[in-house]
Amino acid sequence: LGTVFVILISASGLIVGYALLAVGLWRRPAAPRGASALIVAFLVVDIVGLAAGGNKGVLLVAHTLLLVGLGWIGVRILAMSDAQWRAQVGTRDRS
């Protein structure tokens, strides 16, 4: 019973966390909206895959969507110049 409880708490936290990340990225265009949509698609497909008894093919598709979405965000952030980053985040240059 203890292990099941820990797994349920962890899974719930991941679902809520990714949902909040997708909503935040959608509302503030810090990343492409398509990446946010991929994270939401991951959540939907992952839940469907788990409800289908842990179908490995469906879960593979779900996690591929997550990988592409988060990778897209990472590439976008790494491609930003310092000036673009400051403008996006809203910080001032301290020099």
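Before reading further, recall that the structure is shown in the block above.
Residues numbered from 1 in each chain as written. Predicted model: local features only at pLDDT ≥ 70, side-chain atom pairs only at ≥ 80, totals over all residues. Heavy atoms only, no water.

Colleague: What exactly am I supposed to notice about the overall build of the protein chain here?
Modeller: Helix and strand counts for the protein chain come out as four helices and zero strands. Computed over C-alpha atoms, the radius of gyration of the protein chain comes to 17 Å, more than 25% over the 12 Å expected from 2.2 N^0.38 for 95 residues, which places it beyond the range of a compact globule. When the backbone C-alpha atoms are referred to their principal axes, the protein chain occupies close to 55 × 30 × 20 Å. Looking at the 95 residues of the protein chain, the share that counts as buried comes to 19%. Contacts in the protein chain between residues far apart in sequence, at least 24 positions, make up 55% of those at least 6 positions apart. As displayed, the protein chain offers around 6800 Å² of accessible surface, 71% of which is attributable to carbon and sulfur atoms. (Helix = DSSP H or I, 4+ residues; strand = E, 2+ residues; numbered from the N terminus. Rg over C-alpha atoms; globule rule 2.2 N^0.38 Å. Buried < 20%, exposed > 50% of the residue type's maximum accessible area, 1.4 Å probe, protein only. Contact = heavy atoms within 4.5 Å. Areas by Shrake-Rupley, 256 points an atom, 1.4 Å probe, with all protein chains shown as cover.)

Colleague: Please explain the nonpolar core as it appears in this structure.
Modeller: A general trend in soluble globular proteins is that nonpolar side chains are found buried together. Grouped together as the largest cluster of nonpolar side chains are 10 residues: A22, L25, A31, A35, I39, F42, L43, A62, L66 and I73. Elements that contribute at least two residues to this core include exactly α1 (2–27), α2 (33–51) and α3 (56–78). Apart from the residues within four sequence positions on either side, A31 is in contact with L25, I73 and R76. (Core = buried A, V, L, I, M, F, W, Y, C linked by side-chain atoms within 4.5 Å.)

Colleague: Can you help me understand the packing of α2 against α3 in this one?
Modeller: For any two helices packed against each other, the geometry comes down to the angle between their axes and how far apart the axes lie. Remark: α2 packs on α3, axes separated minimally by 8 Å, with the N-to-C direction vectors making an angle of 160 degrees. Put simply, α2 runs roughly antiparallel to α3. For the element pair α2 and α3, the recorded crossing hand is left-handed. Contacts between α2 and α3 involve G34, A35, L38, I39, A41, F42, V45, D46, G49 and L50 from the former and V58, L59, V61, A62, H63, L65, L66, V68, G69, L70, W72 and I73 from the latter. Across the contact of α2 with α3, the residue classes break down as 17 nonpolar, four polar and one charged. (Axes fitted to C-alpha atoms, helices over the stretch in contact; angles between N-to-C directions. Parallel < 35°, antiparallel > 145°, perpendicular 65-115°, else oblique. Left-handed = near helix turned anticlockwise from the far one by under 90°. Nonpolar A, V, L, I, M, F, W, Y, C, P; charged D, E, K, R; others polar.)

Colleague: Just to check I follow, could you spell out the side chain of S36 for this structure?
Modeller: Structurally, S36 is set in helix α2. Among the polar contacts made by the side chain of S36, one reaches the main-chain amide nitrogen of W26 at a distance of 3.5 Å. Apart from residues lying up to four places away in sequence, S36 is in contact with A22, L25 and W26. (Polar contact = N/O pair within 3.5 Å; in protein donor to acceptor, adjacent residues only side chain to side chain.)

Colleague: How should I be thinking about the packing of aromatic side chains in this particular structure?
Modeller: Geometrically, a pair of aromatic rings is defined through the distance of the ring centres and the angle of the planes. One pass over the structure, following the stated rule, counts one aromatic pair. Ring geometry for Y18 and F42: centres 5.7 Å apart, planes at 85 degrees, overall edge-to-face. With Y18 in helix α1 and F42 in helix α2, this residue pair connects regions lying 24 residues apart in the sequence. When its relative accessible area of 22% is taken as the criterion, Y18 is described as partly exposed. (Phe/Tyr/Trp six-rings, centres within 6.5 Å; stacked < 30°, edge-to-face > 60°.)

Colleague: Explain the environment of V58 to me, please; I cannot follow it from the model alone.
Modeller: Topologically, V58 is positioned in helix α3. The exposure class assigned to V58 is partly exposed, which follows from its relative accessible area of 25%. Taking C-alpha positions, V58 is 7.9 Å from V48, a pair spaced 10 residues apart along the chain. Sequence-distant contacts of V58, that is, excluding residues within four places in its chain, are made with V45 and G49.

So yeah, pure geometry; function would need other evidence.
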